[in-house]
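What follows is the residue order along each chain.
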Amino acid sequence: MGKINKKIIIIGAGIAGLSTGCYAQMNDYDAVIFEMHNKPGGLCTSWNRKGYTFDYCIHNLAGTGKLKLRKIWQELGALIDEEIINHEVFIRVEDEQKKELNIYTHPGKLRKHLNTISSEDKDLIDDYLNAAHSLLSADFFSLGMDGLITKLRIIPNLFYIIKWSNITLKQFAQRFKNVFLKKAFPHVQYDMEGSDIPMFPHLLFMSGFEAGDMGWPKYGSLEFSRRIEKRFKKLGGELHYNSLVKKIIIEDNKAVGVILEDGREHYADEIVSAGDGHNTIYNLLDGKFTNEFIDNYYQSYDYSQEFGLQIFMGLNRDIKGETHALALILDESLEIEGRKRNSLYVEIFDSATGLVPEGKSIIKVVMKGNYNYWNNLNSDKESYRQEKETIFHKVVEILEKRFPGIKEDVEVHDVTTPITVERYTHNFHGLQVWSPPKGMFKVMIKGLSRTLPGLKNFYMVGQWAEGMIGIPNAAFSGRNLIKKLCKKDGKKFQSIIHKVNKYYSSQ
Ligand SMILES: Cc1cc2nc3c(=O)[nH]c(=O)nc-3n(C[C@H](O)[C@H](O)[C@H](O)COP(=O)(O)OP(=O)(O)OC[C@H]3O[C@@H](n4cnc5c(N)ncnc54)[C@H](O)[C@@H]3O)c2cc1C
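1. Re the domain arrangement of the protein
Part 1 of the reasoning: One can read the domain layout of the protein as domain 1 (7–46 + 70–77 + 219–300 + 431–488), domain 2 (99–211) and domain 3 (304–425).
Part 2 of the reasoning: Each side of the interface is counted separately: domain 2 has seven residues, and domain 3 has ten residues.
Part 3 of the reasoning: Taken together, both faces of the contact between domain 2 and domain 3 bury some 800 Å²; the carbon and sulfur share is 63%.
Part 4 of the reasoning: At the surface where domain 2 touches domain 3, the tally comes to zero salt bridges.
Part 5 of the reasoning: Inspection of the domain 2/domain 3 interface yields two residue pairs in polar contact (both at pLDDT 80 or more).
Part 6 of the reasoning: Taken together, the residues of the side of domain 2 that touches domain 3 break down into three nonpolar, one polar and three charged.

2. Considering a nonpolar patch on the surface
Part 1 of the reasoning: On the surface, Ile149, Leu152, Ile155, Leu158 and Ile162 cluster together to form a nonpolar patch covering roughly 500 Å² of accessible area.
Part 2 of the reasoning: Counting through the fold element by element, Leu152 comes out in the loop between helix H5 (148–151) and helix H6 (158–165).

3. Looking at the site of the ligand
Part 1 of the reasoning: If you check the shell around the ligand, you find 35 residues, and the closest are Glu35, Leu43, His59, Asn427 and Ile471.
Part 2 of the reasoning: Separating an oxygen atom of the ligand from a backbone N or O atom of His59 is a distance of 2.7 Å.
Part 3 of the reasoning: Measuring from an oxygen atom of the ligand, one finds a backbone N or O atom of Ile471 at 2.8 Å.
Part 4 of the reasoning: Contact with the protein chains covers 96% of the free accessible surface of the ligand, which is 1,000 Å².
Part 5 of the reasoning: Counting only elements with at least two residues in the shell around the ligand, the list comes to helix H1 (15–26), strand S15 (304–315), helix H16 (418–425) and helix H19 (471–488).
Part 6 of the reasoning: Take the shell around the ligand: its biggest share by element is three residues, from H19.
Part 7 of the reasoning: Taken together, the residues that form the shell around the ligand break down as 18 nonpolar, 16 polar and one charged.
Part 8 of the reasoning: Among the domains, domain 1 (7–46 + 70–77 + 219–300 + 431–488) and domain 3 (304–425) are the pair contributing at least three residues each to the shell around the ligand.

4. A word on the packing of aromatic side chains
The description of an aromatic ring pair uses the distance of the two centres, along with the angle that the planes make with each other.
Part 1 of the reasoning: Throughout the structure, instances matching the rule amount to 35 aromatic pairs.
Part 2 of the reasoning: Taking the centre distance of 5.1 Å and the plane angle of 25 degrees together, the rings of Phe54 and Phe312 count as stacked. Here Phe54 is found in strand S4 (residues 52–55), whereas its partner Phe312 is found in strand S15, with 258 residues between them in sequence.
Part 3 of the reasoning: Owing to a relative accessible area of 0%, Phe312 belongs among the buried residues under this scheme.
Part 4 of the reasoning: By way of ring pairs, the aromatic residues Tyr282, Tyr297, Tyr298, Tyr301, Tyr303, Phe428, Trp434 and Trp464 are connected into one cluster.
Part 5 of the reasoning: One residue, Arg402, lies across the ring of Phe403, its end atom 4.8 Å from the ring centre.
Part 6 of the reasoning: Residue placement shows Lys491 over the ring face of Tyr29; its charged tip is 3.7 Å from the ring centre.

5. Re the sheet that holds strand S11 (residues 245–251)
Part 1 of the reasoning: Strands sit in the order S11-S12-S13 across an open sheet of three strands; the sheet is antiparallel. Strands at the two margins of the open sheet, each flanked by one partner only, are S11 and strand S13 (265–267). On average, each strand axis in the sheet is tilted by 30 degrees relative to the strand beside it, whichever way the strands run.
Part 2 of the reasoning: Two elements, S11 and strand S12 (residues 254–260), share six bridges in a ladder whose sense is antiparallel. From the neighbouring strand, Ile250 faces S12, where its bridge partner is Ala255.

6. Some thoughts on the nonpolar core
Part 1 of the reasoning: Formed by 106 residues in total, the largest nonpolar core has its most connected members in Trp73, Leu101, Tyr128, Phe185 and Phe224.
Part 2 of the reasoning: Sort the elements by how many residues they give to this core and H19 lands first, with eight residues.
Part 3 of the reasoning: For Tyr128, the residues in contact, after removing those within four places along its chain, are Ile103, Leu110, Leu114, Phe172, Phe185, Met199, His202, Leu203 and Met206.
Part 4 of the reasoning: Grouped together as the second largest cluster of nonpolar side chains are 62 residues, Leu260, Val415, Ile419 and Leu452 included.

7. So, the pattern of salt bridges
Part 1 of the reasoning: Scanning all chains against the criterion turns up 33 salt bridges.
Part 2 of the reasoning: Across the pair Asp318 and Lys320 runs a salt bridge, and its minimum N-O distance is 3.8 Å.
Part 3 of the reasoning: Here Asp318 falls in the partly exposed class, since its relative accessible area comes to 36%.
Part 4 of the reasoning: A salt bridge links Arg385 to Glu382; the shortest N-O distance between them is 2.9 Å. You can see Arg385 and its partner Glu382 sitting in helix H14 (residues 381–402), three residues apart, about one turn around the helix.
Part 5 of the reasoning: Look at Arg385 and you get partly exposed, because its relative accessible area is 43%.
Part 6 of the reasoning: Residue classification places Glu382 among the partly exposed positions, given a relative accessible area of 36%.

8. Regarding the sheet that holds strand S18 (residues 361–370)
Either a parallel or an antiparallel arrangement is found when strands of a sheet pair, and the pairing is made through backbone hydrogen bonds.
Part 1 of the reasoning: Pairing is mixed in the open sheet, where seven strands are placed in the order S8-S7-S16-S17-S18-S15-S19. With partners counted over all chains shown, the strands left at the sheet margins are strand S8 (100–104) and strand S19 (410–416), one partner each. Going from strand to strand, the sheet's axes swing by 25 degrees on average, the running direction of each strand aside.
Part 2 of the reasoning: Alignment of strand S7 (residues 89–94) against S8, held across five bridges, turns out to be antiparallel. Its bridge partner being in S8, Ile91 is matched across the sheet by Ile103.

Definitions and limits used
- Each chain carries its own residue numbering, running from 1 in the written order of its sequence.
- Per-residue local features are limited, in this predicted model, to residues with pLDDT of at least 70; the limit for side-chain atom pairs, both in listing and counting, is 80 or more; totals at the level of whole chains, interfaces and linings are taken over all residues.
- Side-chain measures here rest on the full set of heavy atoms in the structure, leaving out hydrogens and waters.
- Bear in mind that the domain bounds are from an automatic or database domain assignment.
- Any two residues having at least one pair of non-hydrogen atoms within 4.5 Å are treated as being in contact.
- Buried area: the sum, over both parts, of the accessible surface (1.4 Å probe) that disappears when the two are put together.
- Salt bridges, as used here, are contacts in which a Lys or Arg side-chain nitrogen is within 4 Å of a carboxyl oxygen on Asp or Glu.
- Pairs of N or O atoms within 3.5 Å make up the polar contacts considered here, provided that, within protein, one atom can donate a hydrogen while the other can accept it, and that residues adjacent in sequence are counted only when both atoms are side-chain atoms.
- Asp, Glu, Lys and Arg are counted as charged, while Ala, Val, Leu, Ile, Met, Phe, Trp, Tyr, Cys and Pro are counted as nonpolar; the rest, among them Gly, fall into the polar class.
- A patch consists of residues exposed above 30% relative accessible area that lack any salt bridge, with like charges linked at up to 9 Å and nonpolar side chains (Val, Leu, Ile, Met, Phe, Trp, Tyr) linked at up to 5 Å.
- What sets the accessible areas is the Shrake-Rupley method with a 1.4 Å probe; for residues, cover comes only from the shown protein chains.
- Strands here mean DSSP runs of E at least two residues long; helices mean DSSP runs of H or I at least four residues long; both are numbered from the N terminus.
- Any residue with a heavy atom positioned within 4 Å of a molecule or strand is treated as near that molecule or strand.
- Think of it this way: a Phe, Tyr or Trp ring, Trp meaning its six-membered ring, pairs with another when their centres are within 6.5 Å, and the plane angle makes it stacked under 30 degrees, edge-to-face over 60, tilted otherwise.
- Each residue is assigned to one of three classes by its accessible area relative to the maximum for its type, calculated with a 1.4 Å probe on protein chains only: buried under 20%, partly exposed between the two thresholds, exposed over 50%.
- Note on criteria: charge over ring means Lys NZ or Arg CZ within 6 Å of the ring centre, with the direction from the centre no more than 35 degrees off the ring normal.
- A pair of strands counts as paired when DSSP detects no fewer than two bridges linking them.
- Between N-to-C directions, angles cover 0 to 180 degrees, with each direction set by a line fitted to C-alpha atoms, over the stretch in contact for helices.
- Grouping buried Ala, Val, Leu, Ile, Met, Phe, Trp, Tyr and Cys residues that are joined through side-chain atoms within 4.5 Å yields what is termed a nonpolar core.

Here is the structure:
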């Protein structure tokens, strides 16, 4: 008689769920994924409107170059080397007089550019670029792949981590003598309202660029997710779409199965939730397996989040020759959600991205969004719809100044809010995981809720399990869980590299 593999049920086919499924199959577990949507990816998604592919997620993906993290994408069959787009400029900040700060991804070019803008800031510029360079050797982006001992390689960098975590982009910018750099520098990290984010994550990005490791996969987020979905299926995994899990079945404090929306029950040896943390803990499990730390975490979140609001426009115009990302400092502030905004973050996708045909392009504008604001409006569908239209018109008016004639070229537009994200992914209040107000170090080591107190044979993976955003973190999370299960079952963990070529997706 053949060996019977252990069965694992996975809730959700986002990157974490798909990754868990792939590594489960590589290690002789039988994985079954139930996904509520009709496609893979979760947040890592795109959609089509009149021939334009609006890409919701990936700005930059760690692991596209030569650093260690690349291995996970090779194992998951997620990337095709020839299709990685590496931008020459990470972001261009433009002021009202069209003065430019270009954050070149090549450190030599960036140094030259910054020194040309302000020779009197040479020492500060050196400090900035040397800090980014010094983080390169620690290869921070692959930390999640390593065991505790290997993680200790960050120790020589502790001084830098503390130093640069305690200073925000805005505070650092104030050290420039040059007036334009003082004004422009706070916008360099996705223009995240400029002020409060620390220098450390920005420096990590710059070190990633230096390693050629923060590219963008051609065809965008959904195609990236679909490749991992395909890998899962080729490994023999079972995936069911339109299958919302409503409850986790518990017997003697042990997870034994799930109940779907249609009432069907499915049983397995291990149950993994790769879906939203709040819904898993307080609805699927009725809040029976939690603790003070987890409860405090979910009670302490901020209703506003970066990337919460996105405005997409499909343009009958080729915007070739522009940098991919722009932060436009505005001469007149823009009021959205009752808040004034003094800049606009814009991304441009031309036909080289594979998201639009030749001669067309897409503009995506990304800003902070507030769940409560949209949730209140959503009680009256027409007001909600109208407010999205108003925002689109406000934004296109501003863009008209930078790209004259653009209003006429918009063939299709779309606006996403936290309500959109809540509807399609069930993520708590349409937001991503956020850093806990207390206990960040603990979360970095142990995650937020990889297991739940008192519940056996149940695991969580993905952003809510780890307390960490990022596509690589979601993928590691699944890989690390399967490693752990292999250890529990006395098996040697195996991972298999799968080289994909450009014909892979269409097969
Ligand atoms: C706008 C935006 C831009 C981003 N840009 C980047 C970037 O440039 N680079 C980067 O590395 N990261 C980026 N991120 C972060 C990254 O996308 C996420 O951290 C990551 O995709 C989370 O993956 P996940 O699998 O943990 O969760 P999710 O993507 O939320 O997946 C969860 C899945 O579970 C399903 N599900 C939930 N509940 C149920 C249920 N009850 N039954 C069945 N299915 C269920 C959902 O439908 C979903 O498919 C971005 C995020 C956002 C929102």
